[in-house]
Amino acid sequence: MAFDLPFLSSKTPPLIGLDIGSSSVKLVELSGASPGTLCLERYAIEPLPRGAVVDGNFDKIDVVAEAVKRAWRRSGTRIKNVAMALPASAVITKRIALPANLREEEMEIQVESEANQYIPFALDEVSLDFQVLGPIPNSPDDVEVLIAASRKEKVEDRMAVAQIAGLKPAIIDVESYAMRGALERLIEQLPNRGEGLVIAAFYLGANSTTATVMHDGEAIYERDQPFGGQQLTSDIARAYGISVDEAEQKKRSGDLPVNFESDVLRPFVEAAVTEITRALQFFFTSTPYTRIDQIMLAGGSAVLTGLADELMERAQVPTAVISPFKGMAIASSVREKQLRLDAPGLLTPCGLAMRRFDR
């Protein structure tokens, strides 16, 4: 059985985190002796033209590869190994129990047999990998194993983009896992390492908002909603009679009319707060949990004026915009003022860059 590329391997060379979304390419390089002594060495964000990446599919591979190449050059890194990620919607994952005494070859055969039962494709059409998570409580002879599978073309497209850009794909992860890795590091910095707290993180992306609720190191709830920063871009284009591309440019530069905040931004912020509070209601009605102790906001739209305050008032829960680099050293070459604006959108590439320190 051939594992085309490790989703979850812990054999990690020096590498950079490379996140390719629908609106931009984001690259992060970290250094340090361990996850406890990390330093942000450099990062870069390169916009993508509309239509290059749609719903996680690379519709224009050469265009995406060019953007990756520009981001890599602009960052100034020399590392060519990259950790990339697939959207969670493109990956089937399953946790299974297997005997703890199996050799790796035996485990591979068992994993393939299990995968046959729940993957709706022929196994020669998928990239498949597994990771042993550890012993199962109350079942000392077994271990819990995580299986991850994705259509081969999804993995191959990402490998192709990296290779065309002159880079070497070392790891293919899952976006939600990478994001969770960065979140867990932030939660560990809370009093008592966040023990017992129910923490809801909302990542406001270009086209969707991802809700992840964490409790004691476990993701207890995840949900995607079709609402994101692209909606604000469309609102700007409509309000001022300009193209969507021009609206995106003006949104990034802040070159907008005086009435933008009251007439366009304010209604968008109210809509975003409504979407997030609706997601919280879904969480309460579909799980046994009855409270949220803290809300963390991330993604490019998280820094919008008034969003965190409005949400805190509506949800009556402490709310903060997060930076995945909190508690890290920052290299002198990084412009800290710009980083404050960019950091909330770098959760996934930061989590991918942290794979360098897996043991």
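Look a little higher up for the structure.
### Re the overall build of the protein
Looking only at helices and strands, one finds 10 helices and 16 strands in the protein. Against the 2.2 N^0.38 benchmark of 21 Å for 359 residues, the protein shows a C-alpha radius of gyration of 21 Å, consistent with a compact globule. Each principal axis of the C-alpha atoms in the protein carries an extent, and together these give about 65 × 50 × 40 Å. The buried share of the protein, reckoned over its 359 residues, is 49%. In the protein, 67% of the contacts between residues at least 6 apart in sequence involve partners at least 24 apart. In the protein, the 38 positive side-chain charges and the 49 negative ones have mean positions that sit 6 Å from each other.

### Some words on the sheet that holds strand β12 (residues 209-215)
Taken in spatial order, the 5 strands of this open sheet run β13-β12-β11-β14-β15, and their pairing is mixed. The outermost strands of the open sheet, each flanked by one partner alone, are β13 (218-225) and β15 (319-321). Averaged over all pairs of adjacent strands, the angle between strand axes in this sheet comes to 20°, irrespective of strand direction. The sheet contacts of helix α4 (residues 175-187) involve β11 (198-204), β12, β13 and β14 (294-298), and relative to β12 the element is tilted by about 50°. Where helix α7 (residues 260-286) meets the sheet, it contacts β11, β12, β13 and β14, and its direction lies at approximately 135° from that of β13.

### Observations regarding α7
Turn by turn, an α-helix covers 3.6 residues, leaving residues three or four places apart pointing in a common direction. Compared with an ideal rise of 1.5 Å per residue, which puts 27 residues at 39 Å, α7 spans 38 Å between its outermost C-alpha atoms and is within 8% of the ideal. Most pronounced at Arg-266, the bend in α7 amounts to some 30°, and the proline Pro-267 follows within four residues.

### Focus on the pattern of salt bridges
A complete count under the given rule lists 22 salt bridges for this structure. For the salt bridge of Glu-29 with Arg-42, the shortest nitrogen-to-oxygen distance reads 2.7 Å. Pair noted here: Glu-29 is in strand β2 (residues 24-31) and Arg-42 is in strand β3 (residues 39-47), with a separation of 13 residues, a long-range link. Accessibility expressed as a relative area gives 22% for Arg-42, which makes it partly exposed. Arg-266 is the salt-bridge partner of Glu-270, the closest N and O atoms lying 3.3 Å from each other.

### Re the sheet that holds strand β9 (residues 139-151)
The strand order across the open sheet formed by 3 strands is β7-β9-β8, and the pairing between neighbours is antiparallel. Looking at the sheet topology across the chains shown, the edges are occupied by β7 (91-99) and β8 (126-136). Across the sheet, the mean angle from the axis of one strand to that of its neighbour is 20°, orientation sign disregarded. Both β7 and β9 contribute to a ladder of 9 bridges, which runs antiparallel. Bridging from a neighbouring strand, Lys-94 pairs with Ile-147 of β9. This element, helix α3 (residues 152-164), spans β8 and β9 of the sheet and lies at about 70° to β9.

Here is what the cut-offs are and how they apply
Residues numbered from 1 in each chain as written. Predicted model: local features only at pLDDT ≥ 70, side-chain atom pairs only at ≥ 80, totals over all residues. Heavy atoms only, no water. Helix = DSSP H or I, 4+ residues; strand = E, 2+ residues; numbered from the N terminus. Rg over C-alpha atoms; globule rule 2.2 N^0.38 Å. Buried < 20%, exposed > 50% of the residue type's maximum accessible area, 1.4 Å probe, protein only. Contact = heavy atoms within 4.5 Å. Lys, Arg positive; Asp, Glu negative; His and termini not counted. Charge placed at Lys NZ, Arg CZ, Asp CG, Glu CD. Pairing = 2+ DSSP bridges. Axes fitted to C-alpha atoms, helices over the stretch in contact; angles between N-to-C directions. Expected span 1.5 Å × (residues − 1). Bend = angle between axes of the 7 residues up to and from the residue. Salt bridge = Lys/Arg side-chain N within 4 Å of Asp/Glu carboxyl O.

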